[in-house]
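# Chains, contacts and geometry: an overview
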Amino acid sequence: IANPGLKWETTEQWNVGLDLGFWNGRLSFTVDLYDKYTYDLLQSKAISSSSGFKTMWLNSGSIRNRGLEIAVDATPISTGDFEWNIAGQISWNRNSIVDIGASGGAGEIYLSPDNLQESKYYYGDNVGSSNYLHNPANIFIEGQPIGLFYGYKFKGIVQEGQEGIPLAEGGDPRLPGQREYMDLNGNGYIDVDDRTIIGDSNPDFMFGFSTSFTWKDLTLSASFDGCYGNEIFNSNLPQITDVCYNGNIRSYWNVKRDAYFKAWTPQNPNTTYPALGFAYNNTERYLVTDVFVEDGSFLRVSNVSLSYRLPIPKNKVVNNISVGISGSNLYVFTKYSGWDPEVNSHGNNMKKIGVDSGSYPSARTYSFDLKFTF
């Protein structure tokens, strides 16, 4: 539905920067400190369907980003035949929601298992499809960072001789070998009020560095990038760890290896995977829990290349010819179990930020090149 008062978002920002160079540019530093405030945010608000529309765009809410960026470029060695260059950058960014805007509601929520507070907030979009995760994984809370995950805390696998907390009022107790979740409000069963913040998609810092070595006409270079401290909600896990159906092992799709071989047994009690023979019921299939939140930190070998400039006689047509080989995305050091820790399943949909829903991995490529400079 049209909104005649709609306008662009507005940003106010200040920066303090410092650039330093030494020894004829062989060593240089750049430092940038910034504080950015954005208001009149563009938000899609749900409206009554009696209007003929489900949503409308409006300007509402504000966010703040503060950060520090540092870059270093150096040439430690430079002789007649040999040169070594290194460069690196690191950045920290902290964001917070200053005003949740018209889309927000209010109520008491658990910011942590022992911290219940009155807050203004709204939920992200549902992350699941088919029979899994028909719930949002993100929550947006006034005064908190963007991109927090919100759901249930895993308490452990119910052990022999125990009964776990039911997943609904009047439900059956959890049996040995089944997962149990924390009853934060203490009412004796799991409900929506037992949810809390279970992760944060924002990294502590991001970084990158590169180096190159040149000896006469031969050059070897490498570049790396990564981030540290962010978490990913892996929404692929509920389905690929759901090993059983109606008490039988599934025979028509692959499952995660650990979910089968490291499943709970009385002899293997210290695991996060339920016992074989227990099928998830619909209630459990829909739960957003911290079992599916993983460390997204990584270090990527972005590119390695080797090139050689061919010695050719000087002429008026070709200045030089070089040949080279290179490889991109050669390896990723990470603890994340998915295909690629740089997830972008939902593009620019900030209501599903940090969620991996079958993200296609970055390709590993190798190339040979022949370059002419005229």
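Here goes a summary of the coordinates provided. (Residues numbered from 1 in each chain as written. Predicted model: local features only at pLDDT ≥ 70, side-chain atom pairs only at ≥ 80, totals over all residues. Heavy atoms only, no water.)

A word on the environment of Asp 204. Looking at the secondary structure, you find Asp 204 in the loop between β13 (196-200) and β14 (205-215). Classification of Asp 204 as partly exposed rests on a relative accessible area of 34%. Sequence separation between Asp 204 and Cys 227 is 23 residues, and the spatial gap between their C-alpha atoms is 7.6 Å. Setting aside residues no more than four positions away along its own chain, Asp 204 makes contact with Trp 92, Arg 94, Tyr 228, Gly 229 and Asn 230. (Helix = DSSP H or I, 4+ residues; strand = E, 2+ residues; numbered from the N terminus. Buried < 20%, exposed > 50% of the residue type's maximum accessible area, 1.4 Å probe, protein only. Contact = heavy atoms within 4.5 Å.)

All right, on to the layout of surface pockets then. By volume, the largest pocket amounts to about 840 Å³. Taken together, 35 residues form the lining of the largest pocket, with Ser 201, Asn 202, Pro 203, Ile 353 and Gly 354 sitting closest to its centre. Those elements giving two or more residues to the lining of the largest pocket turn out to be β2 (27-39), β5 (62-78), β6 (82-99), β14 and β16 (231-234). Element by element, the count of residues in the lining of the largest pocket is highest for β6, at four residues. Partitioning the lining of the largest pocket into residue classes produces 15 nonpolar, 14 polar and six charged. Quantified by volume, the second largest pocket comes out at close to 570 Å³. Taken together, 25 residues form the lining of the second largest pocket, with Leu 42, Gln 43, Ser 44, Tyr 122 and Lys 351 sitting closest to its centre. Elements with a contribution of two residues or more to the lining of the second largest pocket: β3 (42-46), β4 (55-59), β5, β6 and β8 (115-123). Of the residues forming the lining of the second largest pocket, the biggest block, five residues, is contributed by β3. (1 Å grid on protein atoms, 1.4 Å probe; cavity = no way out; pocket = protein on both sides within 12 Å on 5 of 7 lines; lining within 4 Å. Points joined across faces, edges and corners; volume = space filled by probe spheres on them. Nonpolar A, V, L, I, M, F, W, Y, C, P; charged D, E, K, R; others polar.)

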